[in-house]
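Residue-level listing of the chains:
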Amino acid sequence: VAGRLSPVGSRLVYKRAGAWWVFDLGLGNSDSLAAAGPGRDADAVWSPDGKRIAYTGEDGHLWVREVDRGKPPVRTSGDMPGRPTQWLADGRILFDVVRGANSDIYVVRPEGGPPEPILHADWSESDGSVSPDGKWLAYVSDSKGAPQVVVRSWTQLGKSEMPISLDGVGVRPGPTVLWSPDSRTLFYEAGRRLRAA
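The rules behind the values
- Residues numbered from 1 in each chain as written.
- Predicted model: local features only at pLDDT ≥ 70, side-chain atom pairs only at ≥ 80, totals over all residues.
- Heavy atoms only, no water.
- Helix = DSSP H or I, 4+ residues; strand = E, 2+ residues; numbered from the N terminus.
- Rg over C-alpha atoms; globule rule 2.2 N^0.38 Å.
- Buried < 20%, exposed > 50% of the residue type's maximum accessible area, 1.4 Å probe, protein only.
- Contact = heavy atoms within 4.5 Å.
- Areas by Shrake-Rupley, 256 points an atom, 1.4 Å probe, with all protein chains shown as cover.
- Lys, Arg positive; Asp, Glu negative; His and termini not counted.
- Charge placed at Lys NZ, Arg CZ, Asp CG, Glu CD.

**Some words on the overall build of the chain**
Secondary structure summary: the chain contains zero helices and 19 strands in total. Taking 2.2 N^0.38 as the reference for a compact globule, 197 residues should give roughly 16 Å; the C-alpha atoms of the chain span a radius of gyration of 16 Å, in line with that estimate. Its C-alpha atoms give the chain principal-axis dimensions of roughly 45 × 35 × 30 Å. Every one of the 197 residues in the chain was classed for burial, and the buried ones make up 48%. The contacts of the chain with a sequence gap of at least 6 include a subset with a gap of at least 24, amounting to 31%. With the model as given, the accessible surface of the chain reaches about 9900 Å², and the carbon-plus-sulfur share is 54%. Once the 24 positive and 24 negative side-chain charges of the chain are each reduced to a mean point, those two points are 3 Å apart.

Okay, here's the thing in structure tokens:
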């Protein structure tokens, strides 16, 4: 079971037995949040304030729900199946749109609306993660054949990508790509090993 800690570290969202659960570390109890869809155990992300979660629902689409259930969940990705990778500081959600064997990176607002393409190509781009300083976008791309972790400017997406994992990352789906708090190091899985670059 994989999970993600809330921004303040008091709760953990994880997938178990076909559902998303939230574990309260202070109280020591779990609460079922929603039915989980296809995908990986880490396909749920917290809002920056820790009050909402974006997750892959059982229909394969992106949903947003308040943890304390004050409002009903909202399907945000329209007709595009997807899985969230990061809730950005500006309020938008970075997510992968799955199209057959490939995927593209989009953003969408938590209240819904048309998803906006960030990276869309004839190859697969997935697992996007913006650095804490807001300067870089790391993601997994197979534009050169084997899947690789690459980085490009977040503020100037038209600039070319820079390879990070020169020895590849293995089979798809790609690994979760995580930044260090100072935006100087990337962590990713390659061949069942955790790498830092």
